[in-house]
Amino acid sequence: MAYLHIDEYGKLISWGGQPHKLGLEDLRVGQTITENLNFLEGMLPVSDILVLRFLSLCEEHCAHVHVIPDNLGIYVLLFDASSEYDPQQQMQQQINDIKLLNYQKNQLLQALDNQQNQLKQSCHKKVGIMTRIIQYLACICKKTV
Amino acid sequence: MAILQKKICMIGDFSVGKTSLVGRFVRQTFSDKYLTTVGVKIDTKLVKLPDGNDIKLILWDIAGNDVLTTVTASYLRGSAGFLLVVDGTRRPTWDSALNLRESVAKQLGKKPFVMLLNKADLREQWEIDEQMIEEQTQQGWKLLATSAKTGMNVEEAFLELSMKMLET
């Protein structure tokens, strides 16, 4: 976990915890926070509590971020969510994979349906032609007899 | 002088290629394997614009969804523009994109965006026709056919949006 305290001008007043474990390095008191914490660009100021779930700042780590306005500025709390990430990712992956497979299945069924319809139409045409040929031949036979 | 920074959100249904587009743009990499994004991934890239100025793009690669959820909406705060991504091979992702664009407009107000018709390397499998594209173009939308796989129009897409953001 880590916390950052930012003043009304967006400058870092203080920080604590283990920000380096969440991919936040080189924090310096007095620096403009968006220079170091890019994800806060455009975010500040906030009037209500803002929660950003599963925010990945680097490849290895992920955090639930709470941005909390206060009379003395803004507090940014970062809770390590790395251990929650993998199970969540696996579950979502399965859901999305199933959705994709289902879509592909429906597309294939649709294509099959279209082919069946074309086949039926072609069969109807074939039967029609055969009937006419038979009728024509029958007519010739009658005349010959 | 501090470099200008702008936040950009990647928006679109799942598996349309948002993460791949960011990967291609930022790291020049691509993988065929589909890995679902959970939450949001932040990346940055310094871009040199045609006018010679530099801009630092803060890219928010947001987990794909066909609707704008409360969680997703919180990620949009402070965004200067967005890329609306569609998988050309899946027609429903086009419909999702149109709905998402409306929801985002309600959330952010009028912000510049570019619609990306991704997976242009699979053009023969596209379920999006020229008429659909033409209709959106006539409404003043900027659409680009992209491929994260080949890199086609990826750089151009981010540059186009950057220019649009600076115009506003």
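Here's what I pulled together on the structure shown here. Just so it is clear, the model here is predicted, and its values are computed rather than measured.

1. What about the overall build of chain A?
Then comes step 1: Secondary structure assignment for chain A yields two helices and five strands.
Then comes step 2: In chain A, the succession of helices and strands from N to C terminus is β-β-α-β-β-β-α.
Then comes step 3: Taking 145 residues into account, the globule formula puts the C-alpha radius of gyration at 15 Å, and chain A, at 34 Å, lies well above it.
Then comes step 4: If you line up chain A on its principal axes, its C-alpha atoms span 115 × 30 × 25 Å.
Then comes step 5: Out of the 145 residues belonging to chain A, those deemed buried represent 30%.
Then comes step 6: Considering only residue pairs separated by 6 or more positions, chain A has 33% of its internal contacts joining residues 24 or more positions apart.
Then comes step 7: A total accessible area of about 9,800 Å² is found for chain A, and carbon and sulfur atoms account for 57% of it.
Then comes step 8: A gap of 37 Å separates the mean positions of the 12 positive and 15 negative side-chain charges of chain A.

2. Some words on the interface of chain A and chain B
Then comes step 1: Across the boundary between the two partners, chain A contributes 28 residues, which contact 25 residues of chain B.
Then comes step 2: Carbon and sulfur atoms supply 57% of the area buried between chain A and chain B, which totals about 2,300 Å² over both sides.
Then comes step 3: When the buried surface of chain A facing chain B is broken down by residue, Asn38(A), Glu41(A) and Tyr103(A) rank first, second and third, together holding 23% of it.
Then comes step 4: If you look at where chain A meets chain B, you find zero salt bridges.
Then comes step 5: At the junction of chain A with chain B, the criterion picks out 17 residue pairs in polar contact (both at pLDDT 80 or more).
Then comes step 6: Counting only elements with at least two residues in the side of chain A that touches chain B, the list comes to α1 (33-36), β3 (50-56) and α2 (82-144) of chain A.
Then comes step 7: The residue makeup of the side of chain A that touches chain B, split by class, is 13 nonpolar, ten polar and five charged.
Then comes step 8: Note: β3(A) against strand β2 (residues 40-48) of chain B, two bridges, orientation parallel. Bridge assignment links Ser56(A) to a residue of β2(B), and that residue is Lys41(B).

3. Details of the sheet that holds β3(A)
Then comes step 1: Taken in spatial order, the eleven strands line up as β2(A)-β1(A)-β5(A)-β4(A)-β3(A)-β2(B)-β3(B)-β1(B)-β4(B)-β5(B)-β6(B) in an open sheet, and their pairing is mixed. Strand pairing shows two members of the sheet lacking a second neighbour, β2 (12-17) of chain A together with β6 (143-145) of chain B, which therefore form its edges. Across the sheet, the axes of successive neighbouring strands diverge by a mean angle of 25°, strand direction being ignored.
Then comes step 2: The sheet contacts of helix α1 (residues 18-27) of chain B involve β1 (4-12), β2, β3 (54-62), β4 (81-87) and β5 (113-118) of chain B, and relative to β3(B) the element is tilted by about 150°.

4. A closer look at the pattern of salt bridges
Residue and element names in this part refer to chain B.
Then comes step 1: Using the criterion set out here, one finds seven salt bridges over all chains in the structure.
Then comes step 2: The salt bridge partner of Lys48 is Asp54, with a shortest N-O separation of 3.2 Å.
Then comes step 3: Residue class for Lys48 comes out exposed when judged on its relative accessible area of 56%.
Then comes step 4: According to the relative accessible area criterion, Asp54 is partly exposed, its value standing at 33%.
Then comes step 5: Three or more residues are tied together by salt bridges with common partners; here these are Asp87, Arg90 and Lys119.

5. Notes on unusual backbone geometry
Then comes step 1: A cis geometry characterises the amide bond from Leu44(A) onward to Pro45(A), with omega recorded as 0°.
Then comes step 2: Turning to its location among the elements, Pro45(A) is positioned in the loop between α1 and β3.
Then comes step 3: Even without being glycine, Gln28(B) reaches a positive phi, approximately 55°.
Then comes step 4: Along the chain, Gln28(B) falls in the loop between α1 and β2.
Then comes step 5: Judged by relative accessible area, which is 49%, Gln28(B) ranks as partly exposed.

6. Points about the environment of Glu167(B)
Residues and elements named next belong to chain B.
Then comes step 1: Along the chain, Glu167 turns up in helix α5 (residues 154-167).
Then comes step 2: By relative accessible area, Glu167 is classed as exposed at 68%.
Then comes step 3: Counting along the chain gives 55 residues from Glu167 to Pro112, while the straight-line C-alpha distance between them is 9.2 Å.

7. Section: α2(A)
Then comes step 1: Its 63 residues place the ends of α2(A) 92 Å apart at the C-alpha level, agreeing with the 93 Å of an ideal helix rising 1.5 Å per residue.
Then comes step 2: Tyr85(A), Gln89(A), Gln93(A), Asn96(A), Leu100(A) and Tyr103(A) are the residues of α2(A) that are buried.

8. Notes on the nonpolar core
Then comes step 1: Formed by 50 residues in total, the largest nonpolar core has its most connected members in Phe39(A), Leu40(A), Val65(A), Val76(A), Leu78(A), Trp60(B) and Leu84(B).
Then comes step 2: The dominant element in this core, judged by the number of residues it contributes, is helix α3 (residues 91-108) of chain B, at five residues.
Then comes step 3: With residues up to four places along the chain from it excluded, the contact list for Leu84(B) reads Ile11(B), Ala97(B), Leu100(B), Arg101(B), Phe113(B), Val114(B), Met115(B), Leu116(B) and Trp141(B).
Then comes step 4: Of all hydrophobic cores here, the second largest spans 24 residues; its members include Leu49(B), Ala148(B), Ala157(B) and Phe158(B).

About the thresholds
- Residues numbered from 1 in each chain as written.
- Chains lettered and ligands numbered in written order.
- Predicted model: local features only at pLDDT ≥ 70, side-chain atom pairs only at ≥ 80, totals over all residues.
- Heavy atoms only, no water.
- Helix = DSSP H or I, 4+ residues; strand = E, 2+ residues; numbered from the N terminus.
- Rg over C-alpha atoms; globule rule 2.2 N^0.38 Å.
- Buried < 20%, exposed > 50% of the residue type's maximum accessible area, 1.4 Å probe, protein only.
- Contact = heavy atoms within 4.5 Å.
- Areas by Shrake-Rupley, 256 points an atom, 1.4 Å probe, with all protein chains shown as cover.
- Lys, Arg positive; Asp, Glu negative; His and termini not counted.
- Charge placed at Lys NZ, Arg CZ, Asp CG, Glu CD.
- Buried area = accessible area lost by both parts, 1.4 Å probe.
- Salt bridge = Lys/Arg side-chain N within 4 Å of Asp/Glu carboxyl O.
- Polar contact = N/O pair within 3.5 Å; in protein donor to acceptor, adjacent residues only side chain to side chain.
- Nonpolar A, V, L, I, M, F, W, Y, C, P; charged D, E, K, R; others polar.
- Pairing = 2+ DSSP bridges.
- Axes fitted to C-alpha atoms, helices over the stretch in contact; angles between N-to-C directions.
- Expected span 1.5 Å × (residues − 1).
- Core = buried A, V, L, I, M, F, W, Y, C linked by side-chain atoms within 4.5 Å.

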